[in-house]
Amino acid sequence: MNVQVSTNFRKHARKTILSIVVFAVCYVALLLLSIGITVGFTLLGGLIFIAKPIFLTAVLCLGLFASGLTILYFLLKFIFASTKVDTGHLTQIAEHDEPQLFALIHTVVKEVHTNFPKKVFLAHDVNASVFYDSSFWSMFLPIRKNLQIGVGLINAVTQQELKAILAHEFGHFSQRSMKVGSYVYHVNQIIYNMLYKNESLNSMFEKWGNISGYSGIFIGISVFIIRQIQNILKHLYEYVNINYLALSREMEFHADEIAAHVAGSQALADSLLRLSFANHALTVVLNFYDIKFSENIKSNNIYPEHSCVMQMFAERNRYQIRNGLPQIEMATLKKYDKSKLNLENQWSSHPSDEDRVKALQTLNIVKQETNNEPAIALLSNEAAVANQISDKLFSAIQYEQIPSPLALTEFTEDFEKRIDRYAFDQKFNDFYDYTHPVRSGASPLSQKQIQPSFKELFAENRVEALYELNSLKNDRYVVEAISKGEIKVKTFDYDGKKYKVSDAIVLLQNITADISSMEQKIADYHQEIHYYFQQLADVQGKRSEFDEKYEDFVAFNSDYEAGEIQYNEMVKNTAFLYQALPFSDIEFKISDLKRSEEKFKKHLVVLLELPDSKNNLEQGLFDSLVSYTSNEQLYFYVDRYNEENLKILLNAISMYKNLLEDNHFAKKKCLLDFMLVLEENRGKDMTV
């Protein structure tokens, strides 16, 4: 197989190689300069000592020589530096462990015309990658790569899709045309290491500083010169990196084309569209067990639960199921993204999934023989290795007691209850996932106006208006950043029209006007909805109950916004706890924290007095929060923190956020559930 590189690939490859040549020339010039500085410092120190051979001039001579050598070492250290990938969190497997998976890898390696990986590892996540330990000599010596496959990925794709994903990963290193990209990757890593991995240099300065008080003078000289060199190198690195990232995006398209020739365009496109969904589902499972930590509960195996959550989410979102897996359409992703802004991200190493899928659809390579069985079936002994991966995940958690495993049936039941508790009825068509049932109009609509039906009130076009409003606000944020120069571009597209940076201010005004118009439209929707249910409540003799629930939510919604501000203020005022500061600075920041804490405690007291807080919190936790609000805490004394009191404070801040959101959601759900009761009663009345 010989997949030809595109014109864009060649163009970006030439630009990247040119940028590396420019960097190399500048680097050699800096290296020669540093050699000159070292020789000059040495000669100067020697001349001073010869002129007056005393202890101080000897120290000066040695210090200048050491400063010169340090600068030279900084520019040469990258040759000896290496990057080793930590594999402690991975599980290595051999062919005799997983023969079917290795058979697939052998097939892909043969079709892509590359070398078999040195080692194969399994991880817990929804990902696949090829990695290796790199050094300066990696550019000249052949290196065998390691393959990492996430069991979460295997659990979320078919065997054909896994074949496509593996072909993509090996495609980066398979063909002669891709060697330039591999070479550039090595060079980019070397430059990065030279600029940002200076642990050995810092350690040397520390040891040098401990020798004598005079060392500080020469360390200062070395640091000053090295920083000037770094400033030059950072600008050059930015220049190299922008070109490299542009090439990297083209490499992704090229590797996709190789994968399409091996497994077909559709297999890779389907997996690309599903992976973010699968990753979200796995994150949700792990978050579920974070909540279960206090109950000393763990999972037997997170992957059947991962599949269960994917199926639940697919059912609730009405996704089609094919080959036992949810099918995510491009239209589904675009449903939430109504952005009119087209802005190429020059700092992205990958093109967007949308662009990759479109390119695959254009290729339209069809494979007659496909294996659409679940990829998880490739793992031996009913995927026994998945149990090992799960055990490794939970072994890192320090439980107070030996944790009890949760059976899949128990997980399903508990998880569904949790979803139902923290989700609104699907009859609202997700409308209230993005807005609140608060009318902004001063007066109800006229009864003479034709009122929409329940179905029309929550129609798809109204939900899409919320997505459009959110996208408009995001577009405004980005265009504002462009106008301020925070995002560096020459031109950009908006709503199919090309704009210059100088046009951003006028465009910003237009987007703001569109936002105002859309907000008014949504406000009208809320007005219609409120009037509709108000009328139902009148007819059913439940107007006072409806008004009470509505006003209760509106009042708390206002408090909720103030509560979020209070939470953010506390997070900001405790950020210094994670920094190393002088004692005087700590005392000053503690004073600021104390002033903010007085108001915070008052907010927390109000939340704790709500019935839902008392009912949902464990008694011990509730009592500890009450104790916190009632007592004064000392966080710092003379030269040390009171770790116990800080733990109480940080826990109170975290619980405050949870209580705020839980009570807000509960009051909103209470109102919406009552609105549904009114609608259901209307249906019963009509039947009668």
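The structure presented is a predicted model; accordingly, all values stated were derived computationally and were not measured. (Residues numbered from 1 in each chain as written. Predicted model: local features only at pLDDT ≥ 70, side-chain atom pairs only at ≥ 80, totals over all residues. Heavy atoms only, no water.)

Draft legend 1. Fine view of the overall build of the protein chain. Each helix and strand counted, the protein chain has 22 helices and 15 strands in total. Over its C-alpha atoms, taken along the principal directions, the protein chain stretches across nearly 110 × 75 × 65 Å. Expressed as a percentage of the 688 residues in the protein chain, the buried residues total 44%. In the protein chain, once contacts between residues fewer than 6 apart in sequence are set aside, the share between residues at least 24 apart is 82%. Accessible surface, the protein chain: about 36,600 Å² in total, of which carbon and sulfur atoms supply 54%. Treating the 70 positive side-chain charges of the protein chain as one cloud and the 83 negative ones as another, the clouds have centres 7 Å apart. (Helix = DSSP H or I, 4+ residues; strand = E, 2+ residues; numbered from the N terminus. Buried < 20%, exposed > 50% of the residue type's maximum accessible area, 1.4 Å probe, protein only. Contact = heavy atoms within 4.5 Å. Areas by Shrake-Rupley, 256 points an atom, 1.4 Å probe, with all protein chains shown as cover. Lys, Arg positive; Asp, Glu negative; His and termini not counted. Charge placed at Lys NZ, Arg CZ, Asp CG, Glu CD.)

Draft legend 2. Quick look at the pattern of salt bridges. Evaluated as defined, the whole model comprises 29 salt bridges. Arg316 is paired through a salt bridge with Asp420; the nearest N and O atoms lie 3.0 Å apart. On the criterion of sequence distance, the pair formed by Arg316 in helix α10 (residues 302-316) and Asp420 in helix α14 (residues 408-421) is long-range, its members being 104 residues apart. Classification of Arg316 by relative accessible area gives partly exposed; the value is 30%. Here Asp420 falls in the partly exposed class, since its relative accessible area comes to 43%. Ionic contacts of the salt-bridge type, sharing partners, join the residues Lys292, Glu295, Asp414 and Arg418 into one network. (Salt bridge = Lys/Arg side-chain N within 4 Å of Asp/Glu carboxyl O.)

Draft legend 3. Main features of the environment of Asn645. Relative to the helices and strands, Asn645 is located in helix α22 (residues 643-687). When the C-alpha positions of Asn645 and Tyr628 are compared, they lie 9.2 Å apart, and in sequence the two are 17 residues distant. Ignoring any residue separated from it by four or fewer positions in sequence, one finds Asn645 in contact with Gln633, Leu634 and Tyr635.

Draft legend 4. Local environment of the side chain of His12. Within the secondary structure layout, His12 lies in helix α1 (residues 7-51). A relative accessible area of 14% means that His12 is categorised as buried. Other than its neighbours up to four places away in sequence, His12 contacts Ala246, Leu247 and Glu250.

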